[in-house]
Amino acid sequence: MDATVQLVVGVFFAASGIGYLSFIVARRARISNRVLGDMLVEHQNSNHVQFAPIIEFIEARFAKTSYFTWLRKELEIGASRVSPARHILDSAVLMVVAVLFGAWLQGLAGGLAALILVGAIRGYLPTIQVGKRRAKFQDQLDYTLSLFTASIRAGHSLIRAIEIVAIQSEAPTSQEFSRALNAIRLGRDMGDSMMGIAERMKSQELEWVVQSINIHREAGGNLTEMFETVVATIKDRNSIRVLIRTLSTDGRVSGQVMSILPLGIILVFGLMNPANFAVFLTTPVGNILLAIAATLYLAGVLWIRKIVKVNF
(Lines give C-alpha, C1' and ligand atoms only; values in the text may rest on other atoms or scores of the structure.)
Protein backbone atom coordinates (compact mmCIF):
# COMPACT_ATOMS: atom_id res chain seq x y z
CA MET A 1 0.00 0.00 0.00
CA ASP A 2 1.27 3.45 -0.89
CA ALA A 3 2.57 5.51 2.03
CA THR A 4 0.12 8.32 1.29
CA VAL A 5 -2.81 5.94 1.31
CA GLN A 6 -1.61 4.45 4.61
CA LEU A 7 -1.34 7.90 6.12
CA VAL A 8 -4.85 8.85 4.99
CA VAL A 9 -6.34 5.60 6.29
CA GLY A 10 -4.51 5.96 9.59
CA VAL A 11 -5.63 9.53 10.08
CA PHE A 12 -9.21 8.50 9.26
CA PHE A 13 -9.29 5.74 11.86
CA ALA A 14 -7.55 7.89 14.47
CA ALA A 15 -9.94 10.75 13.85
CA SER A 16 -12.90 8.37 14.02
CA GLY A 17 -11.80 7.02 17.36
CA ILE A 18 -11.00 10.43 18.83
CA GLY A 19 -14.24 11.87 17.49
CA TYR A 20 -16.33 9.08 18.97
CA LEU A 21 -14.55 9.37 22.32
CA SER A 22 -15.10 13.12 22.31
CA PHE A 23 -18.76 12.55 21.52
CA ILE A 24 -19.13 10.18 24.48
CA VAL A 25 -17.34 12.53 26.87
CA ALA A 26 -19.36 15.52 25.72
CA ARG A 27 -22.61 13.61 26.04
CA ARG A 28 -21.83 12.42 29.56
CA ALA A 29 -20.37 15.69 30.81
CA ARG A 30 -22.31 17.32 33.62
CA ILE A 31 -22.89 20.64 31.89
CA SER A 32 -25.16 23.04 33.71
CA ASN A 33 -28.68 23.31 32.33
CA ARG A 34 -28.38 27.06 32.81
CA VAL A 35 -25.88 27.09 29.93
CA LEU A 36 -27.56 24.74 27.46
CA GLY A 37 -31.06 24.44 28.87
CA ASP A 38 -33.54 22.46 26.81
CA MET A 39 -31.09 22.11 23.92
CA LEU A 40 -29.03 19.56 25.88
CA VAL A 41 -32.10 17.55 26.87
CA GLU A 42 -33.37 17.57 23.29
CA HIS A 43 -29.98 16.38 22.01
CA GLN A 44 -29.81 13.53 24.55
CA ASN A 45 -33.35 12.40 23.74
CA SER A 46 -32.75 12.45 20.00
CA ASN A 47 -29.47 10.56 20.47
CA HIS A 48 -31.26 7.90 22.52
CA VAL A 49 -33.97 7.50 19.86
CA GLN A 50 -31.33 7.25 17.14
CA PHE A 51 -29.67 4.21 18.72
CA ALA A 52 -32.87 2.74 20.19
CA PRO A 53 -33.14 -0.25 17.77
CA ILE A 54 -29.55 -1.32 18.40
CA ILE A 55 -29.91 -0.88 22.16
CA GLU A 56 -33.14 -2.89 22.19
CA PHE A 57 -31.44 -5.67 20.20
CA ILE A 58 -28.53 -5.80 22.68
CA GLU A 59 -30.89 -5.90 25.66
CA ALA A 60 -32.96 -8.69 24.09
CA ARG A 61 -29.84 -10.66 23.24
CA PHE A 62 -27.78 -10.30 26.41
CA ALA A 63 -30.24 -9.29 29.15
CA LYS A 64 -30.20 -12.74 30.78
CA THR A 65 -26.44 -13.23 30.71
CA SER A 66 -24.37 -13.02 33.89
CA TYR A 67 -22.13 -10.32 32.37
CA PHE A 68 -25.12 -8.09 31.60
CA THR A 69 -26.42 -8.54 35.15
CA TRP A 70 -22.99 -7.73 36.61
CA LEU A 71 -22.62 -4.71 34.33
CA ARG A 72 -26.04 -3.37 35.30
CA LYS A 73 -25.16 -3.67 38.97
CA GLU A 74 -21.77 -1.99 38.56
CA LEU A 75 -23.20 0.90 36.54
CA GLU A 76 -25.98 1.34 39.08
CA ILE A 77 -23.58 1.45 42.02
CA GLY A 78 -21.31 3.78 40.09
CA ALA A 79 -24.28 6.13 39.49
CA SER A 80 -23.67 6.01 35.75
CA ARG A 81 -26.32 7.49 33.49
CA VAL A 82 -25.43 5.01 30.75
CA SER A 83 -27.46 1.84 30.40
CA PRO A 84 -25.68 -1.54 30.16
CA ALA A 85 -26.75 -1.91 26.52
CA ARG A 86 -25.36 1.51 25.63
CA HIS A 87 -22.10 0.70 27.43
CA ILE A 88 -21.78 -2.48 25.35
CA LEU A 89 -22.56 -0.54 22.15
CA ASP A 90 -19.92 2.10 22.93
CA SER A 91 -17.39 -0.62 23.75
CA ALA A 92 -18.12 -2.48 20.50
CA VAL A 93 -17.62 0.64 18.38
CA LEU A 94 -14.35 1.53 20.12
CA MET A 95 -13.09 -2.05 19.77
CA VAL A 96 -13.85 -2.10 16.04
CA VAL A 97 -11.99 1.18 15.54
CA ALA A 98 -9.06 -0.13 17.64
CA VAL A 99 -8.87 -3.38 15.65
CA LEU A 100 -8.84 -1.59 12.31
CA PHE A 101 -6.27 0.93 13.46
CA GLY A 102 -4.06 -1.73 15.05
CA ALA A 103 -4.30 -3.94 11.97
CA TRP A 104 -3.31 -1.00 9.78
CA LEU A 105 -0.24 -0.38 11.94
CA GLN A 106 1.02 -3.91 12.66
CA GLY A 107 -1.23 -6.32 10.78
CA LEU A 108 -3.28 -9.07 12.41
CA ALA A 109 -1.17 -9.18 15.58
CA GLY A 110 -1.53 -5.42 16.05
CA GLY A 111 -5.28 -5.61 15.57
CA LEU A 112 -5.55 -8.45 18.09
CA ALA A 113 -3.42 -6.56 20.62
CA ALA A 114 -5.52 -3.41 20.19
CA LEU A 115 -8.71 -5.46 20.60
CA ILE A 116 -7.48 -7.02 23.86
CA LEU A 117 -6.27 -3.67 25.21
CA VAL A 118 -9.43 -1.70 24.47
CA GLY A 119 -11.67 -4.59 25.55
CA ALA A 120 -9.85 -4.89 28.88
CA ILE A 121 -10.05 -1.14 29.52
CA ARG A 122 -13.74 -0.92 28.68
CA GLY A 123 -14.53 -4.07 30.65
CA TYR A 124 -12.71 -2.83 33.75
CA LEU A 125 -13.97 0.76 33.52
CA PRO A 126 -17.21 0.21 35.54
CA THR A 127 -15.20 -1.41 38.33
CA ILE A 128 -12.85 1.60 38.42
CA GLN A 129 -15.80 3.99 38.63
CA VAL A 130 -17.36 1.98 41.45
CA GLY A 131 -14.06 1.89 43.32
CA LYS A 132 -13.67 5.66 43.08
CA ARG A 133 -17.23 6.20 44.27
CA ARG A 134 -16.77 3.89 47.26
CA ALA A 135 -13.48 5.57 48.17
CA LYS A 136 -15.13 8.99 48.04
CA PHE A 137 -17.99 7.73 50.20
CA GLN A 138 -15.46 6.41 52.73
CA ASP A 139 -13.65 9.77 52.78
CA GLN A 140 -16.95 11.51 53.55
CA LEU A 141 -17.89 9.05 56.29
CA ASP A 142 -16.40 11.08 59.16
CA TYR A 143 -18.48 14.12 58.25
CA THR A 144 -21.54 11.91 57.67
CA LEU A 145 -21.28 10.33 61.11
CA SER A 146 -20.65 13.71 62.77
CA LEU A 147 -23.75 15.12 61.11
CA PHE A 148 -25.77 12.06 62.06
CA THR A 149 -24.60 12.28 65.68
CA ALA A 150 -25.36 16.00 65.89
CA SER A 151 -28.87 15.40 64.53
CA ILE A 152 -29.59 12.71 67.12
CA ARG A 153 -28.10 14.82 69.91
CA ALA A 154 -30.40 17.67 68.86
CA GLY A 155 -33.42 15.40 69.46
CA HIS A 156 -34.29 14.42 65.91
CA SER A 157 -35.58 10.96 65.07
CA LEU A 158 -33.48 8.48 63.11
CA ILE A 159 -35.48 9.05 59.92
CA ARG A 160 -35.09 12.80 60.29
CA ALA A 161 -31.34 12.33 60.85
CA ILE A 162 -31.12 10.32 57.61
CA GLU A 163 -32.99 13.09 55.82
CA ILE A 164 -30.60 15.75 57.16
CA VAL A 165 -27.60 13.73 55.97
CA ALA A 166 -29.22 13.29 52.54
CA ILE A 167 -29.81 17.04 52.23
CA GLN A 168 -26.60 18.48 53.66
CA SER A 169 -24.01 15.96 52.44
CA GLU A 170 -22.24 15.85 49.10
CA ALA A 171 -22.42 13.09 46.51
CA PRO A 172 -22.19 10.12 46.70
CA THR A 173 -23.27 10.21 50.37
CA SER A 174 -26.30 12.38 49.62
CA GLN A 175 -27.35 10.09 46.77
CA GLU A 176 -27.06 6.91 48.83
CA PHE A 177 -28.92 8.31 51.85
CA SER A 178 -31.61 9.77 49.58
CA ARG A 179 -32.03 6.32 48.07
CA ALA A 180 -32.39 4.80 51.54
CA LEU A 181 -34.80 7.54 52.62
CA ASN A 182 -37.04 6.92 49.62
CA ALA A 183 -37.02 3.19 50.35
CA ILE A 184 -38.04 3.86 53.98
CA ARG A 185 -40.90 6.10 52.86
CA LEU A 186 -42.08 3.31 50.55
CA GLY A 187 -42.31 0.93 53.51
CA ARG A 188 -38.93 -0.78 53.67
CA ASP A 189 -37.41 -1.38 57.09
CA MET A 190 -35.01 1.37 58.13
CA GLY A 191 -32.28 -1.07 59.21
CA ASP A 192 -32.45 -2.92 55.90
CA SER A 193 -32.31 0.35 53.95
CA MET A 194 -29.24 1.53 55.87
CA MET A 195 -27.60 -1.87 55.56
CA GLY A 196 -28.20 -1.63 51.81
CA ILE A 197 -26.00 1.47 51.74
CA ALA A 198 -23.26 -0.34 53.66
CA GLU A 199 -23.36 -3.31 51.28
CA ARG A 200 -23.37 -1.18 48.14
CA MET A 201 -20.48 0.96 49.36
CA LYS A 202 -18.71 -1.98 51.11
CA SER A 203 -18.37 0.12 54.28
CA GLN A 204 -17.71 -1.98 57.36
CA GLU A 205 -17.89 1.12 59.57
CA LEU A 206 -21.39 1.93 58.39
CA GLU A 207 -22.38 -1.67 59.03
CA TRP A 208 -21.35 -1.18 62.68
CA VAL A 209 -23.50 1.94 62.86
CA VAL A 210 -26.51 0.07 61.45
CA GLN A 211 -25.94 -2.82 63.85
CA SER A 212 -25.86 -0.41 66.80
CA ILE A 213 -29.13 1.14 65.61
CA ASN A 214 -30.73 -2.30 65.30
CA ILE A 215 -29.53 -3.27 68.78
CA HIS A 216 -31.00 -0.07 70.20
CA ARG A 217 -34.34 -0.71 68.49
CA GLU A 218 -34.50 -4.19 70.00
CA ALA A 219 -32.98 -3.64 73.46
CA GLY A 220 -33.51 0.07 74.04
CA GLY A 221 -31.12 2.29 75.99
CA ASN A 222 -29.51 5.68 75.52
CA LEU A 223 -29.18 5.99 71.75
CA THR A 224 -27.14 9.20 71.85
CA GLU A 225 -24.50 7.82 74.20
CA MET A 226 -24.24 4.50 72.37
CA PHE A 227 -24.05 6.18 69.01
CA GLU A 228 -21.35 8.62 70.14
CA THR A 229 -19.25 5.72 71.41
CA VAL A 230 -19.54 3.85 68.11
CA VAL A 231 -18.78 6.98 66.07
CA ALA A 232 -15.71 7.78 68.20
CA THR A 233 -14.39 4.25 67.62
CA ILE A 234 -14.95 4.55 63.87
CA LYS A 235 -13.19 7.92 63.72
CA ASP A 236 -10.16 6.50 65.51
CA ARG A 237 -10.14 3.62 63.06
CA ASN A 238 -10.29 6.01 60.10
CA SER A 239 -7.40 8.02 61.54
CA ILE A 240 -5.29 4.86 61.70
CA ARG A 241 -6.31 4.02 58.11
CA VAL A 242 -5.18 7.45 56.89
CA LEU A 243 -1.86 7.03 58.73
CA ILE A 244 -1.29 3.59 57.19
CA ARG A 245 -2.13 4.92 53.74
CA THR A 246 0.33 7.79 54.21
CA LEU A 247 3.13 5.49 55.38
CA SER A 248 2.55 3.11 52.45
CA THR A 249 2.63 5.87 49.82
CA ASP A 250 6.23 5.13 48.80
CA GLY A 251 5.46 1.46 48.21
CA ARG A 252 2.33 2.18 46.20
CA VAL A 253 4.06 4.79 44.01
CA SER A 254 7.01 2.43 43.44
CA GLY A 255 4.58 -0.30 42.44
CA GLN A 256 2.86 1.98 39.94
CA VAL A 257 6.20 3.02 38.44
CA MET A 258 7.35 -0.60 38.16
CA SER A 259 4.05 -1.49 36.48
CA ILE A 260 4.26 1.32 33.90
CA LEU A 261 8.01 1.07 33.21
CA PRO A 262 7.92 -2.14 31.07
CA LEU A 263 5.19 -0.68 28.85
CA GLY A 264 7.21 2.49 28.38
CA ILE A 265 10.32 0.50 27.46
CA ILE A 266 8.36 -1.52 24.89
CA LEU A 267 6.90 1.65 23.39
CA VAL A 268 10.30 3.38 23.13
CA PHE A 269 11.96 0.26 21.73
CA GLY A 270 9.20 -0.16 19.15
CA LEU A 271 9.47 3.45 18.00
CA MET A 272 13.29 3.57 17.91
CA ASN A 273 13.86 0.20 16.29
CA PRO A 274 10.62 -1.02 14.67
CA ALA A 275 12.41 -3.54 12.44
CA ASN A 276 13.77 -5.56 15.36
CA PHE A 277 10.57 -5.19 17.36
CA ALA A 278 8.56 -6.53 14.42
CA VAL A 279 10.19 -9.93 15.02
CA PHE A 280 8.00 -10.35 18.11
CA LEU A 281 4.87 -9.75 16.02
CA THR A 282 5.66 -11.55 12.76
CA THR A 283 7.43 -14.78 13.79
CA PRO A 284 6.08 -17.74 15.79
CA VAL A 285 9.00 -17.66 18.22
CA GLY A 286 8.52 -13.92 18.72
CA ASN A 287 4.82 -14.41 19.40
CA ILE A 288 5.58 -17.08 22.00
CA LEU A 289 8.18 -14.87 23.69
CA LEU A 290 5.75 -11.93 23.65
CA ALA A 291 3.01 -14.08 25.21
CA ILE A 292 5.41 -15.27 27.92
CA ALA A 293 6.49 -11.69 28.60
CA ALA A 294 2.89 -10.53 28.83
CA THR A 295 2.04 -13.35 31.24
CA LEU A 296 5.03 -12.59 33.47
CA TYR A 297 4.19 -8.88 33.34
CA LEU A 298 0.61 -9.46 34.50
CA ALA A 299 1.80 -11.81 37.24
CA GLY A 300 4.31 -9.19 38.38
CA VAL A 301 1.71 -6.42 38.44
CA LEU A 302 -0.68 -8.54 40.50
CA TRP A 303 2.15 -9.52 42.86
CA ILE A 304 3.20 -5.90 43.37
CA ARG A 305 -0.40 -4.85 44.04
CA LYS A 306 -0.71 -7.67 46.58
CA ILE A 307 2.46 -6.55 48.36
CA VAL A 308 1.61 -2.84 48.62
CA LYS A 309 -2.06 -3.40 49.54
CA VAL A 310 -2.65 -3.10 53.27
CA ASN A 311 -5.77 -4.81 54.59
CA PHE A 312 -7.23 -2.97 57.55
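Residues numbered from 1 in each chain as written. Predicted model: local features only at pLDDT ≥ 70, side-chain atom pairs only at ≥ 80, totals over all residues. Heavy atoms only, no water.

Some thoughts on the overall build of the protein
Alright, step 1. Counting secondary structure elements, the protein contains 16 helices and 0 strands.
Alright, step 2. The buried share of the protein, reckoned over its 312 residues, is 32%.
Alright, step 3. Pairs at least 24 residues apart make up 60% of the contacts formed inside the protein by residues separated by at least 6 positions.
Alright, step 4. As presented, the protein carries roughly 19600 Å² of accessible surface, and 66% of it is formed by carbon and sulfur atoms. (Helix = DSSP H or I, 4+ residues; strand = E, 2+ residues; numbered from the N terminus. Buried < 20%, exposed > 50% of the residue type's maximum accessible area, 1.4 Å probe, protein only. Contact = heavy atoms within 4.5 Å. Areas by Shrake-Rupley, 256 points an atom, 1.4 Å probe, with all protein chains shown as cover.)

A closer look at the pattern of salt bridges
Alright, step 1. For the structure on display, the rule yields 10 salt bridges.
Alright, step 2. Between R200 and E76 there is a salt bridge, with its nearest N and O atoms 3.8 Å apart. Of this pair, R200 sits in helix 10 (residues 190–201) while E76 sits in helix 5 (residues 66–77); the two residues are 124 residues apart in sequence, bridging distant segments of the chain.
Alright, step 3. Owing to a relative accessible area of 15%, R200 belongs among the buried residues under this scheme.
Alright, step 4. On the basis of relative accessibility, which here comes to 38%, the residue E76 falls in the partly exposed class.
Alright, step 5. Note that D90 and R86 form a salt bridge whose closest N and O atoms lie 3.0 Å from each other. (Salt bridge = Lys/Arg side-chain N within 4 Å of Asp/Glu carboxyl O.)

Here we look at the nonpolar core
Alright, step 1. Counting residues in hydrophobic clusters, the biggest one holds 33 residues, and the most contacted among them are F148, I162, F177, M194, I197, L206 and V209.
Alright, step 2. Elements supplying a minimum of two residues to this core: helix 6 (84–139), helix 7 (141–153), helix 8 (158–168), helix 9 (173–185), helix 10, helix 11 (204–219) and helix 12 (223–247).
Alright, step 3. When residues no more than four places from it in sequence are discounted, the contact partners of L206 are F137, L141, M194, I197 and A198.
Alright, step 4. Among the nonpolar cores identified, the runner-up in size contains 8 residues, and I55, I58, F68 and A85 belong to it. (Core = buried A, V, L, I, M, F, W, Y, C linked by side-chain atoms within 4.5 Å.)

Here we look at the packing of helix 7 against helix 12
Alright, step 1. It is at 10 Å that the axes of helix 7 and helix 12 come closest, and there the two elements cross at 165°. Taken together, the axes of helix 7 and helix 12 lie roughly antiparallel to each other. The interaxial crossing formed by helix 7 with helix 12 has left-handed handedness. Counted together, D142, L145, S146, F148, T149, I152 and R153 of helix 7 and L223, T224, F227, E228, V231, I234, K235 and N238 of helix 12 form the full contact between these two elements. (Axes fitted to C-alpha atoms, helices over the stretch in contact; angles between N-to-C directions. Parallel < 35°, antiparallel > 145°, perpendicular 65-115°, else oblique. Left-handed = near helix turned anticlockwise from the far one by under 90°.)

Description of the confidence of the model for the protein
Alright, step 1. Overall, the predicted model of the protein reaches an average pLDDT of 78, with 82% of residues at or above 70.
Alright, step 2. Confidence scores differ between elements of the protein, with helix 2 (residues 33–36) showing the lowest mean pLDDT of 40 and helix 9 the highest of 91.
Alright, step 3. Here residues 25–47 is modelled with pLDDT under 50, and outside its nearest four sequence neighbours on either side it reaches 15 contacts, counting other chains as well. (pLDDT = per-residue confidence, 0-100.)

So, the packing of helix 13 (residues 249–272) against helix 16 (residues 284–308)
Alright, step 1. Between helix 13 and helix 16, whose axes approach to 9 Å, the crossing angle comes to 175°. Here helix 13 is positioned roughly antiparallel relative to helix 16, judged by the angle of their axes. Residues G251, R252, G255, M258, S259, P262 and L263 of helix 13 form the contact with helix 16, whose own contacting residues are Y297, V301, I304 and V308.
Alright, step 2. Among the residues making up the contact of helix 13 with helix 16, the classes are represented as 7 nonpolar, 3 polar and 1 charged. (Nonpolar A, V, L, I, M, F, W, Y, C, P; charged D, E, K, R; others polar.)

Details of unusual backbone geometry
Alright, step 1. Between A171 and the following residue, P172, the backbone shows a cis peptide bond with an omega angle of 5°.
Alright, step 2. Here P172 lies in the loop between helix 8 and helix 9.
Alright, step 3. For K202, which is not glycine, the phi torsion reads 50° and is therefore positive.
Alright, step 4. As for its placement among the helices and strands, K202 is situated in the loop between helix 10 and helix 11.
Alright, step 5. Residue K202 is classed as exposed on the basis of its relative accessible area, which comes to 61%.

Overview of helix 8
Alright, step 1. Along helix 8, the residues that are buried comprise L158, A161, I162, I164, V165 and A166.
Alright, step 2. Where helix 8 is buried, its residues contact helix 7, helix 9, helix 10, helix 11 and helix 12.

Thoughts on the environment of L115
Alright, step 1. Assignment of secondary structure puts L115 in helix 6.
Alright, step 2. Those residues in contact with L115 that lie beyond four places of it in its chain are M95 and V99.

Describing helix 4 (residues 52–62)
Alright, step 1. Of the positions making up helix 4, those classed as buried are A52, I55 and I58. Mapping the buried residues of helix 4 onto a view down its axis gives an arc of 125°, with all of them on the same face. Across from the buried face of helix 4, at angles greater than 90 degrees, the exposed residues are P53, E56, F57, A60 and R61. (Arc of directions from axis to C-beta.)

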